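The residues making up each chain are set out below.
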Amino acid sequence: MSPDRSDAHQAQVEIDGRRLKLSNLDKVLYASTGTTKAEIIDYYAKVAPVMLPLLAHRPVSRFRWPNGVEAASFVEKAMPKGAPDWVATVTLDAPGSSRERITYPVVDGLPTLVWLANLAALELHVPQWTVGPRGGQRDPDRLVVDLDPGAPAGLPECAEVALLVRERLASDGLECVPVTSGSKGLQLYAPLSGEQDADVVREYARRLAESLASDHRSLVVSSMAKALRPKKVLLDWSQNHHAKTTICPYSLRGRPQPNAAAPRTWDEIEDGGSLKQLPYQEVLDRLDDLAPVTASLLVPGPRVPPS
């Protein structure tokens, strides 16, 4: 980014030929650490080389905290008023409706990513499918397993379940990548061929979850019923529904601490007792190590086995 004019509050910048006005740069968005919007924008600019390929061709839903994570937030799907005309978009049916249409932004480069960060869109959520050059919805190119611990279970228990999921996926010819969510749990992503529709992928994930819950009753649950979840890890297969979205790897989280969703190595998962969520500064420090893990998310995988 090349600033033309800046002070503690705002700056005019040019990024890849696009001009942006950045505002309220000194506003604190994470009170616990004093992290400002300027630091958030800087973070997203630095992770852009590894994050942009994971956002590419996917409609983005944004969770925004304009007054910081201690204040109210809201979810934004449609393009906001006053958006730059150079932001790429795609118009799709609203989830669960064939009459309502939503025009989403598509993050196709650094200028759009910085524009969203300037809007205090701390969390960027995307579906497991992409859109084609004419805006058509493609079949999912990855399967996601969301591991959500029920207190007092935490990341160590999620790591234990992740190893069970990895083994089961491997027996079906699928390889997966672990991503700590930046919140409570972690996700496992398995690249797919993109040749099966979301219902097929979701059904496979459901069978996987129910099978593991049956085999490991003291640790895994596949039902969202709250009464079943304490001390166990929910294996949430529903994230593969075509209308669902998941936090994009490298996205920040709107939590008291400025943690980010981060790809992890299997060595870290196997040493689950010391596993923790990563603050965004640590994600930046580890970008070179995380880049190969991220690249493996982009390699096409096989089809899921038939039922």
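The rules behind the values
- Residues numbered from 1 in each chain as written.
- Predicted model: local features only at pLDDT ≥ 70, side-chain atom pairs only at ≥ 80, totals over all residues.
- Heavy atoms only, no water.
- Pairing = 2+ DSSP bridges.
- Helix = DSSP H or I, 4+ residues; strand = E, 2+ residues; numbered from the N terminus.
- Axes fitted to C-alpha atoms, helices over the stretch in contact; angles between N-to-C directions.
- Parallel < 35°, antiparallel > 145°, perpendicular 65-115°, else oblique.
- Contact = heavy atoms within 4.5 Å.
- Nonpolar A, V, L, I, M, F, W, Y, C, P; charged D, E, K, R; others polar.
- Salt bridge = Lys/Arg side-chain N within 4 Å of Asp/Glu carboxyl O.
- Buried < 20%, exposed > 50% of the residue type's maximum accessible area, 1.4 Å probe, protein only.
- Disulfide = S-S within 2.5 Å.
- Phe/Tyr/Trp six-rings, centres within 6.5 Å; stacked < 30°, edge-to-face > 60°.

A.B. asks: Explain the sheet that holds strand E15 (residues 233-236) here, please?
C.D. replies: Read across the sheet, six strands follow the order E14-E15-E11-E13-E12-E18 without closing on themselves; strand pairing throughout is mixed. Whereas interior strands pair on both sides, the edge strands pair on one side only; in this sheet they are strand E14 (220-221) and strand E18 (262-263). With four bridges connecting them, strand E11 (residues 142-149) and E15 associate as antiparallel partners. Across the sheet, residue aspartate 148 finds its bridge partner in E15, namely leucine 234.

A.B. asks: Help me understand the packing of helix H1 (residues 37-55) against helix H7 (residues 287-296), please; the structure alone is not making it clear to me.
C.D. replies: The axes of two packed helices give the description: the angle between them and the distance between them. Relative to each other, H1 and H7 sit at 10°, their axes nearing to 11 Å. Here H1 lies roughly parallel to H7, going by the angle between them. Here Lys46, Val47, Val50 and Leu54 of H1 come into contact with H7, specifically with Leu287, Ala291 and Thr294. A class-by-class count of the residues in the contact of H1 with H7 yields five nonpolar, one polar and one charged.

A.B. asks: Explain the pattern of salt bridges to me, please; I cannot follow it from the model alone.
C.D. replies: A side chain of one charge can pair with a side chain of the opposite charge when the charged atoms of the two come close. Applying the stated rule across the entire model yields 18 salt bridges. With its nearest N and O atoms 2.9 Å apart, the salt bridge here joins aspartate 93 to arginine 101. Taking the relative accessible area as the measure of exposure, aspartate 93 reaches 39% and is therefore partly exposed. In this structure, glutamate 268 and arginine 286 form a salt bridge, with 2.8 Å as the shortest nitrogen-oxygen distance. Separated by 18 residues along the polypeptide, glutamate 268 in helix H5 (residues 266-270) and arginine 286 in the loop between helix H6 (280-285) and H7 bring together distant segments of the chain. Each member of the pair, glutamate 268 as well as arginine 286, is classed as buried. Because the salt bridges share partners, they merge into one network encompassing Arg62, Arg64 and Glu76.

A.B. asks: Looking at this structure, I do not really get the state of the cysteines. What am I missing?
C.D. replies: One covalent bond between the sulfur atoms of two cysteine residues makes up a disulfide. Across all of its chains, the model carries zero disulfides by this definition. The thiol sulfur of cysteine 158 is not disulfide-bonded, and the nearest other cysteine sulfur, from cysteine 176, lies at 14 Å.

A.B. asks: Just checking my understanding: could you explain the packing of aromatic side chains for this structure?
C.D. replies: Think of a pair of aromatic rings as described by two things: how far the centres are apart, and how the planes are tilted against each other in angle. Across all of its chains, the model carries two aromatic pairs by this definition. Taken together, a centroid distance of 5.3 Å and an interplanar angle of 70° make the contact between tyrosine 43 and tyrosine 44 edge-to-face. Seen in terms of ring centroids, tyrosine 43 and tyrosine 280 are 5.5 Å apart; in terms of plane orientation they differ by 80°. Their pairing is edge-to-face. Of the two residues, tyrosine 43 sits in helix H1 while tyrosine 280 sits in helix H6, which places them 237 residues apart along the sequence. On the accessibility criterion, tyrosine 43 (0% relative accessible area) is buried. A connected cluster of aromatic rings, assembled from ring pairs, spans Tyr43, Tyr44 and Tyr280.

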